[in-house]
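# Fold and contact review
As a plain string of letters, each chain reads:
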Amino acid sequence: MKKLLIVLGSIIALFVLTIVLVPILFKDRIVSAVQTEIDKSINAKVNFDPSKIDISLLSDFPNLTLGVRDFSITGKETFEGDTLFAAKDFSVEMDIVAIIKGEPINIKGIMLDQPLINIIVLEDGSANYDITYPSEDEKTEETNTEGDLKIGIDHWEIIKGRINYYDQMSDVALSLLGVDHTGNGDFTLSVFDMETKTTAEDFSFAYDGDVYVAHKTLKADMLFGMDMNNWKFTFKDAKASLNEFSMSFDGFFAMPTDDYEMDLNFATTDTQFKSILSLVPGMYADGFNDLETSGEFDFSGYVKGIYNETRMPGFAVDLIVSDAYVKSPDVPLPIEKIAMEMHAKSESGDLKDGLLELKNFGLTIDKDRFTAQAVVNNFDSPIWDLSMQGSLNLDIISKIEPSDDFKMGGIITTNINSKGSYADVEKEDYTKLQTTGNLRMQNFSYAEKNAPNFTISNADMNFNPQSINLTTLKGNYGKSDFNLNGSLSNYIAYALDEKAVIEGNMRLTSTLLDINEMMGVSEEETDDLP
């Protein structure tokens, strides 16, 4: 018995000694292999301190874990000084058996603690992530692929990450803050399933100068079928949410050539009206849970076809809201009888085949009803038929839908009908543009941070195809007061084309115009002028 205990004790001691010594004995080889691979493959500044490298068998036995603290990659030449990647702690898990046998080191897992991933694409298409050297001998690439490192990743994790993507060529910007992400999938196989779970505390997305998503929380749980031979990724079980708005996805996305092929369907998984309200700027904040709401909505659509430099995939998006209601405890009156039916599509993907329909949009505040309808054909050169009637109480709306950036109030009453085509606008053939109606504003106010308050006590304007005739527009901008009347022409072209110029013949009377305040010049700056 004593001998057995001695033997067992010796085995345990040897095992512990092995766990302690293996990282020490093989550290130089591992660091050398990593450095060799970096020098051979990476055309960027890879910054790390060898004294901040830790190697251990204890954290994920029997795999060996290499950790690097304060690791970063910065660009050269065009992207000199730009950080592509940085992490407080960058850890990789390796196959200890391969290391002991002297075989190429096999990386099996990656963990990033507080990483920054910063991707930049310039207008000429050059990207800061394009940092790998071209192969020295591409002809022998298939027959000689063994190196100092092999990538056989089957799991990965990101903790509290930041991800920025700015593509100047496509005018796309994306930001993710507070990212927690886990994933697993065996990339040593050609066909396998990959599962990912992602949350982000702050998600924003902009395209072509317009912000479509601003500071929303994001959650996504995805199960993909991965076909690496054909670069085809199938959505097997995919769910995502922005704030309280949740959707499911199915279909596939593929990149077999330079073209992108896709057949994706999406639909909401929660039809309560309150969930879509969480996307409205200013709504999803303190007090959101106190809102009284009722009603349902349905949101669904698809994207199908090929995307490349000359083609767009076909698409359709449908949104229906039925008999919805919202009331804030801070506001005496609710917004009720909210309804709309919106359809947008282009089955071919060609903008000329685009169609947008807005049917039966309406809402009621107190006894005031506002309604609108619209049909727009041909997104490339729009042909429209739209109308809006009724009153909007901005005081009630702004309190139910508050914004941290601005405050708005007042009553707007309108009755406008417009029918025409952009082709006739370009020809200045206003006889074919059937635009009539009027708009009135009472006690309108607009205030934002670091800017003078803007108010309109009274405004009355009439519309015809050629011009907007302003009977009266009386208000204040900061200390300045103004009273305007006259007309503005070419307003339809100005609304549709950013290059168009609006023209007018206006009469202005005022008792005070503070030009310094209008131009944003402070009193301290004017005191410094000679």
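What counts and how
- Residues numbered from 1 in each chain as written.
- Predicted model: local features only at pLDDT ≥ 70, side-chain atom pairs only at ≥ 80, totals over all residues.
- Heavy atoms only, no water.
- Helix = DSSP H or I, 4+ residues; strand = E, 2+ residues; numbered from the N terminus.
- Buried < 20%, exposed > 50% of the residue type's maximum accessible area, 1.4 Å probe, protein only.
- Contact = heavy atoms within 4.5 Å.
- Areas by Shrake-Rupley, 256 points an atom, 1.4 Å probe, with all protein chains shown as cover.
- Pairing = 2+ DSSP bridges.
- Polar contact = N/O pair within 3.5 Å; in protein donor to acceptor, adjacent residues only side chain to side chain.
- Core = buried A, V, L, I, M, F, W, Y, C linked by side-chain atoms within 4.5 Å.
- Phe/Tyr/Trp six-rings, centres within 6.5 Å; stacked < 30°, edge-to-face > 60°.
- Salt bridge = Lys/Arg side-chain N within 4 Å of Asp/Glu carboxyl O.
- pLDDT = per-residue confidence, 0-100.

A word on the overall build of the protein chain. Assigned secondary structure in the protein chain consists of eight helices and 25 strands. The 530 residues of the protein chain split such that 37% are buried. Summarising the internal contacts of the protein chain: among those between residues at least 6 apart in sequence, 51% fall at separations of at least 24. Counting every atom, the protein chain has about 31200 Å² of accessible surface; 54% of that belongs to carbon and sulfur.

Time to look at the pairing of strand β24 (residues 480-489). Relative to β24, strand β23 (residues 467-477) runs antiparallel, the two sharing nine bridges. Within β24, the residue paired with K474 across the bridge is N483. Between the antiparallel neighbours β23 and β24 lie two residues, among them G478 with a positive phi of about 65 degrees.

Tracing the backbone shows N118 in strand β6 (residues 116-121). Judged by its relative accessible area of 18%, N118 falls in the buried class. At 3.2 Å, the side chain of N118 and the backbone oxygen of T83 are in polar contact. Contact partners of N118, with chain neighbours within four places excluded, come to T83, L84, N128 and N164.

Glancing now at the nonpolar core. Counting residues in hydrophobic clusters, the biggest one holds 52 residues, and the most contacted among them are L319, V321, I335 and I338. Ranked by the residues each element gives to this core, the list is headed by strand β16 (residues 335-346), at five residues. Ignoring anything within four residues of it in the chain, the contact list for L319 reads I276, F297, D298, F299, M340, E341 and M342. One finds A44, V68, I107 and A240 within the second-largest nonpolar core, a separate group that totals 33 residues.

Another point: the packing of aromatic side chains. This model, assessed by the stated rule, comprises 20 aromatic pairs. The structure contains a cluster of three or more aromatic residues connected by ring pairs, namely F48, F71, F85 and F90.

Moving on: unusual backbone geometry. Not every positive phi belongs to a glycine, and K337 is a case in point at roughly 50 degrees. One can find K337 in strand β16. Judged by relative accessible area, K337 falls into the exposed class, the value being 52%. A positive phi is found at N378, a non-glycine position, where the angle reads about 60 degrees. Here N378 is to be found in the loop between β18 (368-377) and β19 (383-393). Residue class for N378 comes out buried when judged on its relative accessible area of 17%.

For the rest of this paragraph, the subject is the environment of P332. Turning to its location among the elements, P332 is positioned in the loop between β15 (314-327) and β16. For the pair P332 and D366, spaced 34 residues apart in the sequence, the C-alpha separation amounts to 9.8 Å.

If you walk through the whole model with that rule in mind, you get nine salt bridges. Across the salt bridge formed by K52 and D70, the nearest N and O atoms sit 2.8 Å from each other. Placement of K52 in the loop between β1 (45-47) and β2 (53-56) and of D70 in strand β3 (residues 64-74) is noted, with a sequence separation of 18 residues between them. By relative accessible area, K52 is classed as partly exposed at 29%. Among the ionic pairs, K236 bridges to D193, the shortest N-O distance being 2.8 Å. Taken together, the residues K236 in strand β11 (residues 232-242) and D193 in strand β9 (residues 191-207) connect sequence positions 43 residues apart. Exposure remark for D193: the relative accessible area of 40% places this residue in the partly exposed category.

Do not read the fine detail of predicted coordinates wherever pLDDT is low. Mean pLDDT over the protein chain stands at 82; residues scoring 70 or higher make up 81%. Counting interchain partners and residues more than four positions distant, the pLDDT-below-50 stretch residues 1-25 has 13 contacts.

Pairing geometry for strand β14 (residues 292-307) and β15, over 12 bridges, is antiparallel. Opposite S300, over in β15, you have D318 as the bridge partner. Where β14 folds back on β15, the antiparallel hairpin that results is connected by six residues. With nine bridges connecting them, β15 and β16 associate as antiparallel partners. Bridge assignment links V321 to a residue of β16, and that residue is M340.

All right, on to the side chain of N308 then. Relative to the assigned elements, N308 resides in the loop between β14 and β15. Overall, the relative accessible area of 18% leaves N308 in the buried class. Reaching out from N308, the side chain makes a polar contact with the side chain of D259 at a distance of 3.2 Å. Separated by 2.7 Å, the side chain of N308 and the backbone nitrogen of R311 make a polar contact.

The next subject is the environment of L508. Tracing the sequence through the fold places L508 in strand β25 (residues 503-509). Residues L508 and L473, spaced 35 residues apart in sequence, show a C-alpha to C-alpha distance of 9.7 Å. In this structure L508 touches F482, N483, L484 and L513, once residues within four positions along its chain are discounted.

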